[in-house]
Amino acid sequence: MGGGHPTCVGVSEPLPAPLADWFAARGWRPRRHQIDMLAAAQAGSHALLVAATGAGKTLAGFLPTLTELIAAPRDGLHTLYISPLKALAVDVQRNLLTPIAEMDLPIRVETRTGDTPSDRKARQRSKPPHILLTTPESLSLLLSYPDAPTLFAGLRTIVIDEVHAFATDKRGDLLALGLARLQRLAPDLRRVALSATVADPDGYRAWLAPDGDIDTVILVEGEAGADPDIRILLPTDRVPWSGHSGRYAAGQVMQQIEAHRTTIVFCNTRSLAELIFQDLWKANDKQLPIGVHHGSLDREARRKVEQAMADGRLRALVATASLDLGVDWGDVDCVIQMGAPKGSSRLLQRIGRANHRLDEVSKALLVPGNRFEFLEAQAALDAVEAGELDPDRFRPGALDVLAQHLMGCACAAPFATADMLDEVRSALPYSALDGDTFDRVLHYIAEGGYALKAYDRFKRLRLGDDGLWHVTKPAFVAQHRLNAGIIVDAPTLDVRFKNGRRLGTVEEYFASTLTPGDTFFFAGMSLEVEKIELTDLVVRASSRPARIPKYGGTRMALSTSLADRVRGFLASPGEWHRFPEDVREWLEIQARRSVLPGAQELLVETFLREGRHYMVAYSFEGWNAHQSLGMLITRRMEAMGLKPIGFVANDYALSCYGLEPITDPQALFSPDILEHEFVDWVQQSALLKRAFREVAVIGGLVERQHPGKRKTGKQVTFSTDLIYDVLRKYEPGHLLLQAAWDDARARMTDVGRLATLLETAQARMRHVALDRISPLAVPVLVLIGRERMEQGSSAEDALLAEAEALAAEAMTLD
């Protein structure tokens, strides 16, 4: 159960006989932190457990529940377990049922997620299990029923697993509001959170505590496990100049798979997972069983793969973040990260999937895609060794989430404004919510806002004569339950065979690039498009070469702590002996041909190449921030008559290029760019419309589904675009436009890092004018060719040749 065979420590709190005998039969005794969690429960305290993967966190979380139910058997719901992933809830159920069965305990455990059949959901409300494993969204729906007070009246404990994965985002906002509601329904409720990777335990203690009262939450820290064995897998010849996937190492990765029992190969995107699976399959001379797992695959396909892993029938699984968290496969003895990990916390989380035992060394290999990624991989190794985790950023709760929660509460029972505001403020993300903003949210649900108040379809709440807020008609209750949820996926089409078998989904914009006869890789297969219907992509298996599906969304950003370490490497030649010879030579020639930036410097290089004037800024603020900055700088170049042609960016650098020389880069990096170009760009770009689509769905303004039919992504987008245009014109201060603006700024453009960069750029900029491209500029300039070409072997060969030509020019000393 969550790994971690317990060690021999003194037991200060006696366990009930069935539990003590179960431990003894395995030659185990509880670990100290497991006993500490039991002691916290017996003292009635909330608790945050921070313990390494494989330390038995799951058992520590459930130990008080099992103890209480053994000592005092009872009916009704005793414990809620909240997981960020459906797969994790299923996995925990499997691992929890085994010891319960072995102890022959009369304890019922069930899961409730979006995949649970409706008849079982109904039965769970009338005859609940003792332990219910669910997700934040399913909990929110449970709270929307009139019988919620009865269902939760006897609830004693809520256990939130992998709390770091969602406490700081919108799902965390929804859960925090759900906790506040549960605490009113069950005042003696005890809150427990579990995590392996938390940089700011006090921040999470405050998030977990009722009313943010940090002193009510005990911090329990697990003992340290064995140090992980992490290495960087170097290519047989040279670290590549470009790329971010590590595809060059497919043969070497396959050798590692052959040498280990079971390997998980992590990729940072779904597209890359499909690509790496194909590369490995080509190199799989021994025909070893390999699977692929990501969030766009059909639920049944994912379940089959998960079961095959649990049964030990796979030698390797290529996966994305869909398996970052907690799934307990003890037979995994190697984890391979394709491309750079982007953060030390994520790397630790993924490493923890190997062995899943506290006392056994977790083995991991990093496969950097290019030379900058080698530096990032080394930075991640150093950060893990130093125990440095990525910072957690807590933020005020989102208003669209609050609107959804308030509608759910009204579906359960009418409520009074003052009472509900008091309850909402007891959730830390909303603790500073002012009364005026709360009233704006209520009136938005009641009338849609000033510009939409003439339409009955937006009037979901009314203030009754009793002074309470009521749902205006039953249809809105059904609409809420059908459409509630925080995760708003991009519009998708189902991928299925002619016989109806569903393989998963691809995003609508990718499907729009396909015509019958086209082929693409999906679920590890080459598929040929037979026809495209309104909501379906009908396919058949093919043996022809194929494209890789592209998925939208923001990319994982390089963490600020790893960025600082990479800057440190560039500024510290004394560290370079740790690097491979070709990486060391790359930096040495950069130092001779141009300069290397100091740890706090912003290096900007300018040079002429093939009739274009280039500016390359090495700012290390991540792809999202650089994409935004590229848009802004090219706009400013246009205004200054520099005739920009375009820009390219990676996590480490941004290059803008045009027809006129950039002699004064400082003028392009002034902070007022955020006040002028940024506002104008976001308002005119698709960013704000995309953000508005999400908040409109979350806030209940637009339905994803209607009873008896599912809306297509195009229909949802069309509806939100129409409303967006109306609000922009007639009510620019509308609550949801404000929420969309906050989202577009914070999440889609990484505006916080952008602002920091621009505020400091002029003071720390070092401009070097060169006569030709520098070694440091090669990885980012290669991207210009990549953006011009479709994927395919001939394109890859052309890009490789272009990279070599750029590198030869950059590395020549004369």
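Residues numbered from 1 in each chain as written. Predicted model: local features only at pLDDT ≥ 70, side-chain atom pairs only at ≥ 80, totals over all residues. Heavy atoms only, no water.

### Re the overall build of the chain
Right, on to step 1. For the chain, the count of helices and strands is 29 helices and 27 strands.
Right, on to step 2. Looking at the chain residue by residue over its 814 residues, the buried ones come to 59%.
Right, on to step 3. Summing over all exposed atoms, the chain offers an accessible surface of approximately 31,500 Å²; the carbon and sulfur share of this is 50%. (Helix = DSSP H or I, 4+ residues; strand = E, 2+ residues; numbered from the N terminus. Buried < 20%, exposed > 50% of the residue type's maximum accessible area, 1.4 Å probe, protein only. Areas by Shrake-Rupley, 256 points an atom, 1.4 Å probe, with all protein chains shown as cover.)

### Section: the pattern of salt bridges
Right, on to step 1. Counted according to the given criterion, the structure contains 44 salt bridges.
Right, on to step 2. Glu-258 is the partner of Lys-286 in a salt bridge, and the nearest nitrogen-oxygen pair spans 3.8 Å. Taken together, the residues Lys-286 in the loop between helix 11 (270-283) and strand 10 (290-293) and Glu-258 in helix 10 (residues 250-259) connect sequence positions 28 residues apart.
Right, on to step 3. With a shortest N-O distance of 2.5 Å, Lys-342 and Asp-651 are connected by a salt bridge. Of this pair, Lys-342 sits in the loop between strand 12 (334-338) and helix 13 (344-351) while Asp-651 sits in the loop between strand 23 (644-649) and strand 24 (654-658), and the two are 309 residues apart along the sequence. Taken individually, Lys-342 and Asp-651 each receive the classification buried, so the pair is uniform in this respect.
Right, on to step 4. Salt bridges sharing common partners tie together Lys-342, Glu-373, Glu-376 and Asp-651. (Salt bridge = Lys/Arg side-chain N within 4 Å of Asp/Glu carboxyl O.)

### Some remarks on the sheet that holds strand 20 (residues 536-542)
Right, on to step 1. Ordered by their spatial adjacency, five strands build an open sheet running 17-16-20-19-18, and the pairing between neighbours is mixed. Of all the strands in the sheet, just strand 17 (502-507) and strand 18 (519-522) have a single pairing partner and so form its edges. Across the sheet, the mean angle from the axis of one strand to that of its neighbour is 40 degrees, orientation sign disregarded. (Pairing = 2+ DSSP bridges. Axes fitted to C-alpha atoms, helices over the stretch in contact; angles between N-to-C directions.)

### Description of the environment of Pro-775
Right, on to step 1. Take Pro-775: it is sitting in the loop between strand 27 (765-769) and helix 28 (778-788).
Right, on to step 2. You can call Pro-775 buried: its relative accessible area is 0%.
Right, on to step 3. Counting along the chain gives 32 residues from Pro-775 to Ala-807, while the straight-line C-alpha distance between them is 6.7 Å.

### A word on the side chain of Asp-279
Right, on to step 1. Mapped onto the fold, Asp-279 is located in helix 11.
Right, on to step 2. Apart from residues no more than four positions distant in its own chain, Asp-279 is found in contact with Arg-247 and Ala-250. (Contact = heavy atoms within 4.5 Å.)

### Quick look at the environment of Glu-221
Right, on to step 1. Looking at the secondary structure, you find Glu-221 in strand 7 (residues 217-221).
Right, on to step 2. For the pair formed by Glu-221 and Ala-196, sequence separation is 25 residues and the distance between their alpha carbons is 9.8 Å.

### A word on the sheet that holds strand 24
Right, on to step 1. The five strands lie next to each other as 23-24-22-21-27, forming an open sheet whose pairing is mixed. Here the strands that pair on one side only, and so sit at the sheet edges, are strand 23 and strand 27. Averaged over all pairs of adjacent strands, the angle between their axes in this sheet comes to 15 degrees, without regard to strand direction.
Right, on to step 2. Where strand 23 and strand 24 come together, five bridges link them in antiparallel fashion. Pairing of Val-648 across the sheet is with Ser-655, part of strand 24.

### Details of unusual backbone geometry
Right, on to step 1. Non-glycine residue Phe-620 carries a positive phi angle of around 60 degrees.
Right, on to step 2. Relative to the helices and strands, Phe-620 resides in the loop between strand 22 (612-618) and helix 22 (623-639).
Right, on to step 3. A relative accessible area of 1% places Phe-620 in the buried class.

### A look at the pairing of strand 17
Right, on to step 1. Of all six residues making up strand 17, five are buried, and the element is well covered by its neighbours.
Right, on to step 2. The hairpin formed by strand 16 (residues 492-497) and strand 17 contains four residues between the paired strands, and Gly-500 there has a positive phi angle of roughly 100 degrees.

### What to know about helix 15 (residues 399-412)
Right, on to step 1. Taking 1.5 Å as the rise per residue, helix 15 with 14 residues should run 20 Å; its terminal C-alpha atoms sit 20 Å apart, in good agreement.
Right, on to step 2. Taken across its 14 residues, helix 15 has 14 buried, putting it largely inside the fold. (Expected span 1.5 Å × (residues − 1).)

### A few points about the packing of helix 10 against helix 11
The geometry of a pair of packed helices is captured by two quantities: the angle between their axes and the separation between those axes.
Right, on to step 1. At a closest axis distance of 9 Å, the pairing of helix 10 and helix 11 adopts a crossing angle of 70 degrees. What the angle tells us is that helix 10 and helix 11 run roughly perpendicular. Residues Ala-250, Gly-251, Val-253, Met-254 and Ile-257 of helix 10 form the contact with helix 11, whose own contacting residues are Asp-279, Leu-280 and Ala-283.
Right, on to step 2. Residues belonging to the contact of helix 10 with helix 11 are distributed by class as follows: six nonpolar, one polar and one charged. (Parallel < 35°, antiparallel > 145°, perpendicular 65-115°, else oblique. Nonpolar A, V, L, I, M, F, W, Y, C, P; charged D, E, K, R; others polar.)

### Here's the deal with the packing of aromatic side chains
Remark: the centre distance and the inter-plane angle together describe each pair of aromatic rings, the angle taken between the planes.
Right, on to step 1. In the structure shown here, the tally under the stated rule is 16 aromatic pairs.
Right, on to step 2. For the pair Phe-372 and Phe-620, a centre-to-centre distance of 6.0 Å together with 80 degrees between the ring planes defines the contact as edge-to-face. Of this pair, Phe-372 sits in helix 14 (residues 371-386) while Phe-620 sits in the loop between strand 22 and helix 22, placing them 248 residues apart in sequence.
Right, on to step 3. These aromatic residues form a ring-pair network of at least three members: Phe-372, Trp-586, Phe-620 and Tyr-652. (Phe/Tyr/Trp six-rings, centres within 6.5 Å; stacked < 30°, edge-to-face > 60°.)

### Observations concerning the nonpolar core
In a soluble, globular protein the nonpolar side chains are often hidden away together inside.
Right, on to step 1. Ranked by size, the top nonpolar core spans 115 residues in total, and within it Phe-152, Ile-160, Ile-633, Phe-669, Phe-692 and Leu-701 carry the most contacts.
Right, on to step 2. If you tally residues by element for this core, the top one is helix 15, at nine residues.
Right, on to step 3. When residues no more than four places from it in sequence are discounted, the contact partners of Phe-152 are Leu-77, Leu-80, Leu-139, Leu-142, Leu-143, Leu-182, Leu-185 and Ala-186. (Core = buried A, V, L, I, M, F, W, Y, C linked by side-chain atoms within 4.5 Å.)

### What to know about the packing of helix 15 against helix 16 (residues 417-425)
Right, on to step 1. Running from N to C, helix 15 and helix 16 point in directions that differ by 130 degrees, and their axes come no closer than 12 Å. Our classification of the angle between helix 15 and helix 16 gives oblique. Relative to helix 16, helix 15 is oriented so that their crossing is right-handed. Along its contact with helix 15, which presents Leu-402, His-405, Leu-406 and Cys-409, the element helix 16 presents Met-420, Glu-423 and Val-424.
Right, on to step 2. Considering only residue class, the contact of helix 15 with helix 16 consists of five nonpolar, one polar and one charged. (Left-handed = near helix turned anticlockwise from the far one by under 90°.)

### Some details on helix 22
Right, on to step 1. If you check helix 22, its first and last C-alpha atoms are 24 Å apart, about what 17 residues at 1.5 Å a residue would give, namely 24 Å.
Right, on to step 2. All of the buried residues along helix 22 are Asn-624, Ala-625, His-626, Ser-628, Leu-629, Gly-630, Leu-632, Ile-633, Thr-634, Arg-636 and Met-637.
Right, on to step 3. Immediately beyond the C-terminal end of helix 22, within one or two residues, lies Gly-641, with a positive phi of roughly 75 degrees.

### A look at the confidence of the model for the chain
Right, on to step 1. Here the chain averages 85 in pLDDT, and 88% of its residues register 70 or above.
Right, on to step 2. Predicted confidence is poor over residues 1-13, with pLDDT under 50, and the contacts of this stretch with residues over four places away or in other chains come to 53 contacts.
Right, on to step 3. With pLDDT under 50 throughout, residues 787-794 is counted as low confidence; its partners more than four residues away or in other chains account for 11 contacts. (pLDDT = per-residue confidence, 0-100.)

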